[in-house]
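Overview (structure and organization)
Single-letter residue listing:
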Amino acid sequence: MLNPHKKTTQKRHVCPRNCYSTCTMISHVKNGKLYQVTGDKENPYTNGTLCAKAYSYIKRNYHPKRLKYPYYQEVKGSGNFKRISWKTAIELIENRLIKIDQTYQSFLPVALYKYTGNLGVKHYASEEFFSSIGPTTRIVGSPCSSAGFDATVYDFGRSVSSDPDQLAKAKVIVIWGGNPAATSIHSIPLIQQAQVRGACLIVIDPIFTQTAEIADIYIQIKPGSDGALANFLTKTVIEKGFADQSFIDQYTIGFKRFSEKLDKLSRVDVLQETGMEDKALEVLTEKLMTSEPVFHWIGLGLQRHTNGGQMVRTINALAASTGMIGKEGAGVHYAHSDTWVFKNQQAFFNEHEDKSNRVLEMTKWIKDGPTSLEPPLEFMWVTCRNPLVQDPQPQQIRKHFNAIPFVVTVDQFMTPTARWSNLILPATTHFEEEDIAASYWHRGLALNEKAIEPYFESQSDLRIMQLIATKVDDRFSHPSDFPVHDSNEDYLRKQWTEAATNAFGIPRFDDAKGRLIFPAVSKIAWRNKKFDTPSGKYEFYSERAKNDGYNPLPINQATNAEENYPLQLLTPHDPYALNSQFHFLGLGKDGEAFIAIHEKTALDRGIEDGDMVKVFNDYGAFTLKAQVTYRVAHDVVMIYTGWYPNQGVNVNELVPVLETDMGDNCAGAKGIAFHDTFVEVERKF
Ligand SMILES: Nc1nc2c(c(=O)[nH]1)N[C@H]1C(S)=C(S)[C@@H](COP(=O)(O)OP(=O)(O)OC[C@H]3O[C@@H](n4cnc5c(=O)[nH]c(N)nc54)[C@H](O)[C@@H]3O)O[C@H]1N2
Ligand SMILES: Nc1nc2c(c(=O)[nH]1)N[C@H]1C(S)=C(S)[C@@H](COP(=O)(O)OP(=O)(O)OC[C@H]3O[C@@H](n4cnc5c(=O)[nH]c(N)nc54)[C@H](O)[C@@H]3O)O[C@H]1N2
Ligand code: SF4
Ligand SMILES: [Mo]
């Protein structure tokens, strides 16, 4: 029972999920318990609103399945968990690390496997700790965005985007393989403002998504064929005299070589490649030639193909050919890295740059595992990552975990990854720890205040690293300089850099306390037309791309998927989940896993809406419910990515380990071409 005499308190928070919005929110606490979470009305981007996931944060925070204590199991996957004390947990880690140091005089047998479960600055303490003890092994590469980032860097020199409010000023918005109505919900009011002012929203996606529902024009395109479309549109625009010759002459290089290559593109071929109707192509071309400014939004989903980076380059080239760069309401928008400016984030950026580390490329690690490594992998630290759900071929990864004597997972829930570890450590949430988080979409920054005590025995990722460092540091052959005694605040204060001051306009961490830091002036990317490429111009022709083994020109390139099954499986992001998080709360109306199948495809296979079907390929098989729909084309099926506890559905079991074309420059390894997956579906009797 809440004590009515006790005062309620309110604290400020920022959502640390890997999500465009990076919303700020207010927690309401009574008797030390969180009882309400509300949006932050001061935030000009989110305007006091949150997503369904955030409104369920209380349920998630106190969920009976949330991890309360450290657990140990001798045999991974056995389920014979023993609750242990933190003291014992740290001793187990300590003994392992010291033994590795003594046996190998090196920490290369220790691997870090981390991603973006929590993007808060304090969470980079994991990278910082492992960097501080000397060279270690790192699983590198981004399953998320790296091909698109590399592509953008070839063309523009850096990945920069205008602030999202520029959306509202566009006359045409083209969304290529992005689904903001699900994944970036606070962009939708801005898109609608533009529509109210007469703008046309064009959504290009193989799936009739929640964003397509609000589009003025929806183009259902064959996956992986946007490059063909973008190149053809560019060719047509040039032929009809709508290229921006002044922009091209002053601010770009390589246009002539590029445009010459477009000459041989034929309308018939493009229609066939993209699966588009002739009329759709005509309408699209007309729109791009008659209205401006045009705001191109490239979704992160688009580039998860074996030709993903090159597709991004072709779309960039369309925008540059029409001069839609550096103008109000225009541009190409992907994501920016302007706010990744904190000190300990350098440990993350340097992990693949630091040649003394042993770098395991993500795809290579999943294919080959640790078996041929010398010195062998003895210890793996998994944090903010759920590879047994979110990485392809979890079947393989389970085997690799088995080959490593000691795997530790830090998480808030007993995920499939935690279940396959030896030691499981409970982590705090953003209501239970101070932190900083900033966005890769807008340029706001906010601090997380601590509103409640940690749930049972959970600890923050920083505190866990400190507990270990305190115990082992001076017993290693080379003691580290990890800040073991810093309070949360001191630690965060030290992460503030000059670059942070430049990015956020405040000199110190403390100046962000109790308020939201949001830029007063809307940024228009490349307004000065000075690009960060070697030539200082927008590069249609990129010598760097050439040196890296790619076509120097942004010319369409086909995917190289293994098309050995008839249906292409897309596994995009769930509106009611965040990667592998939140599914078990059943927030969506579907509440469980389903596969979307076109009516004709279903009919051919005797499948009716709601039937249980088996989906399979050479890699795996599982059973789930069919949703018969027109949202997908007849040769495409869709299952949302994520963790569906107790349903036996793990989409990534079907996903081969295929590399995206680009990604190594920014992430140290190529990305994962999740969407180049092919399957068959049959009715279960
Ligand atoms: N098939 C398919 N697979 C995909 C994708 C796809 O589109 N299709 N998308 C890819 C993309 S874009 C991404 S970004 C990756 C995401 O892959 P991951 O980063 O692995 O996914 P998340 O589920 O966001 O987070 C991982 C774990 O972090 C935990 N966590 C949350 N907060 C904390 C914390 O404070 N501390 C610790 N230690 N743990 C915490 C969560 O409970 C969760 O289990 O997945 C990729 N996988
Ligand atoms: N609700 C929610 N929000 C999220 C996330 C989440 O899981 N749930 N995840 C967060 C993360 S980590 C990320 S990376 C972003 C992802 O944000 P988005 O990129 O918006 O989302 P995705 O679902 O990855 O992919 C978007 C669309 O790309 C389409 N697509 C796939 N291949 C092609 C293609 O070849 N051409 C075209 N034109 N379209 C294609 C898919 O059908 C899908 O509809 O969202 C973030 N926000
Ligand atoms: S998940 Fe995204 S939309 Fe939801 S609260 Fe977090 S940042 Fe905002
Ligand atoms: Mo992502």
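Definitions and cut-offs
- Residues numbered from 1 in each chain as written.
- Chains lettered and ligands numbered in written order.
- Predicted model: local features only at pLDDT ≥ 70, side-chain atom pairs only at ≥ 80, totals over all residues.
- Heavy atoms only, no water.
- Helix = DSSP H or I, 4+ residues; strand = E, 2+ residues; numbered from the N terminus.
- Expected span 1.5 Å × (residues − 1).
- Buried < 20%, exposed > 50% of the residue type's maximum accessible area, 1.4 Å probe, protein only.
- Arc of directions from axis to C-beta.
- Pairing = 2+ DSSP bridges.
- Axes fitted to C-alpha atoms, helices over the stretch in contact; angles between N-to-C directions.
- Contact = heavy atoms within 4.5 Å.
- Phe/Tyr/Trp six-rings, centres within 6.5 Å; stacked < 30°, edge-to-face > 60°.
- Lys NZ or Arg CZ within 6 Å of the ring centre and 35° of its normal.
- Near = heavy atom within 4 Å.
- Polar contact = N/O pair within 3.5 Å; in protein donor to acceptor, adjacent residues only side chain to side chain.
- Areas by Shrake-Rupley, 256 points an atom, 1.4 Å probe, with all protein chains shown as cover.
- Nonpolar A, V, L, I, M, F, W, Y, C, P; charged D, E, K, R; others polar.
- Core = buried A, V, L, I, M, F, W, Y, C linked by side-chain atoms within 4.5 Å.
- Domains from an automatic or database assignment.
- Buried area = accessible area lost by both parts, 1.4 Å probe.
- Salt bridge = Lys/Arg side-chain N within 4 Å of Asp/Glu carboxyl O.

1. A look at helix H12 (residues 278-290)
- Over its 13 residues, H12 runs 19 Å from end to end, which matches the ideal 18 Å to within 8%, given 1.5 Å per residue.
- Buried within H12 are the following residues: Leu281, Leu284, Thr285, Leu288 and Met289. Taken around the axis of H12, the buried residues stretch over an arc of 125 degrees, which confines them to a single face. Residues of H12 that are exposed and point more than 90 degrees away from the buried face comprise Lys279 and Thr290.

2. Focus: the sheet that holds strand E13 (residues 331-333)
- As summarised here, the arrangement of the five strands in space is E10-E9-E8-E12-E13, forming an open sheet in which the pairing is parallel. Sheet topology places strand E10 (217-219) and E13 at the edges, where each strand pairs with a single neighbour. Here the strands of the sheet are splayed against their neighbours by 15 degrees on average, with no regard to which way each runs.
- Of the pairings in the sheet, the one linking strand E8 (residues 172-176) to strand E9 (residues 200-204) comprises five bridges and is parallel in character.

3. Quick notes on the sheet that holds strand E16 (residues 406-411)
- An order of E5-E4-E17-E16-E15-E6-E7-E14 is seen for the eight strands of this open sheet, with the pairing classed as mixed. Only two strands of the sheet have a single partner each, and these edge strands are strand E5 (82-83) and strand E14 (358-361).
- Bridge count between E16 and strand E17 (residues 423-426): four bridges; the pairing is parallel. Paired with Val408 across the bridge in E17 is Leu423.
- Sheet contacts for helix H4 (residues 125-132): strand E6 (107-114), strand E7 (136-140) and strand E15 (379-383); angle to E6, the most-contacted strand, approximately 170 degrees.

4. Overview of the packing of aromatic side chains
- The tally for this structure, following the rule as stated, stands at 42 aromatic pairs.
- Between Tyr455 and Phe456 the ring centres are 4.8 Å apart and the planes differ by 80 degrees, which places this aromatic pair in the edge-to-face class.
- For Phe456, a relative accessible area of 47% puts it in the partly exposed group.
- In this structure an aromatic cluster arises from ring pairing among Phe156, Phe255, Phe258, Trp526, Phe531, Tyr538 and Phe540.
- In this structure, Arg60 packs its charged tip against the face of Phe582, placed 5.2 Å from the ring centre.
- The ring of Tyr69 carries the charged tip of Arg83 above its face, separated from the ring centre by 3.4 Å.

5. Quick notes on the site of ligand 2
- In the region of ligand 2, 34 residues are neighbours, and Thr183, Asp205, Gly224, Asp226 and Ala577 sit closest.
- Within the backbone of Gly224, an N or O atom sits 2.7 Å from an oxygen atom of ligand 2.
- In isolation ligand 2 has 910 Å² of accessible area, and contact with the protein removes 99% of it.
- Grouping the amino acids of the shell around ligand 2 by side-chain chemistry returns 16 nonpolar, 13 polar and five charged.

6. Description of the pairing of E8
- The element E8 is extensively covered by neighbouring structure, given that five of its five residues are classed as buried.
- Both faces of E8 are covered, namely the face carrying Val172, Val174 and Trp176 and the face carrying Ile173 and Ile175.
- Relative to strand E12 (residues 294-298), E8 runs parallel, the two sharing five bridges. Within the sheet, the bridge partner assigned to Val172 lies in E12 and is Val294.

7. What about the site of ligand 1?
- Contacts to ligand 1 come from 32 residues, most closely from Gln390, Asp411, Asp461, Ser580 and Asn652.
- Between ligand 1 and Asn386 there is a distance of 2.8 Å, counted from an oxygen atom to a backbone nitrogen or oxygen.
- Within the side chain of Asn652, one N or O atom sits 2.8 Å away from a nitrogen atom of ligand 1.
- In isolation ligand 1 exposes 910 Å². Once the protein is present, 99% of that is buried.
- Residue composition of the shell around ligand 1, grouped by class: eight nonpolar, 18 polar and six charged.

8. A short note on the side chain of His13
- By the secondary structure assignment, His13 is in strand E1 (residues 8-14).
- A polar contact is formed between the side chain of His13 and the side chain of Asn448, at a distance of 3.0 Å.
- Polar contacts involving the side chain of His13 include one to the main-chain carbonyl oxygen of Glu449, which spans 3.3 Å.
- Sequence-distant contacts of His13, defined by excluding residues within four places in its chain, comprise Cys23, Thr24, Met25, Ile26, Ser27, His430, Phe431, Leu447, Asn448, Glu449 and Ala451.

9. Structural notes on the nonpolar core
- In terms of nonpolar packing, the biggest core is built from 81 residues, with Ile173, Trp176, Ile202, Ile204, Leu229 and Ile325 touching the most fellow members.
- In terms of residue count, the dominant contributor to this core is helix H13 (residues 308-321) (seven residues).
- Not counting chain neighbours up to four residues away, the residues in contact with Trp176 comprise Ile204, Asp226, Leu229, Ala230, Leu233, His296, Trp297, Ile298, Gly299, Leu302, Ile315 and Leu318.
- By size, the runner-up hydrophobic cluster in this structure holds 34 residues, among which are Ile100, Phe130, Phe379 and Phe476.

10. Some points on the domain arrangement of the protein chain
- What the domain assignment lists for the protein chain is domain 1 (9-61), domain 2 (71-140 + 342-423 + 454-517), domain 3 (147-336 + 526-547) and domain 4 (567-683).
- Just the C-alpha atoms count here: the centres of domain 2 and domain 4 sit 30 Å apart.
- Contacts between domain 2 and domain 4 engage 23 residues on the former and 25 residues on the latter.
- For the pairing of domain 2 and domain 4, the buried interface totals around 1,900 Å² over both sides, and the portion due to carbon and sulfur atoms is 57%.
- At the junction of domain 2 with domain 4, the criterion picks out one salt bridge.
- Linking Arg398 and Glu653 is a salt bridge whose minimum nitrogen-to-oxygen distance equals 3.9 Å.
- Counting across the domain 2 and domain 4 interface gives twelve residue pairs in polar contact (both at pLDDT 80 or more).
- A breakdown of the residues in the side of domain 2 that touches domain 4 according to their chemical character gives ten nonpolar, eight polar and five charged.

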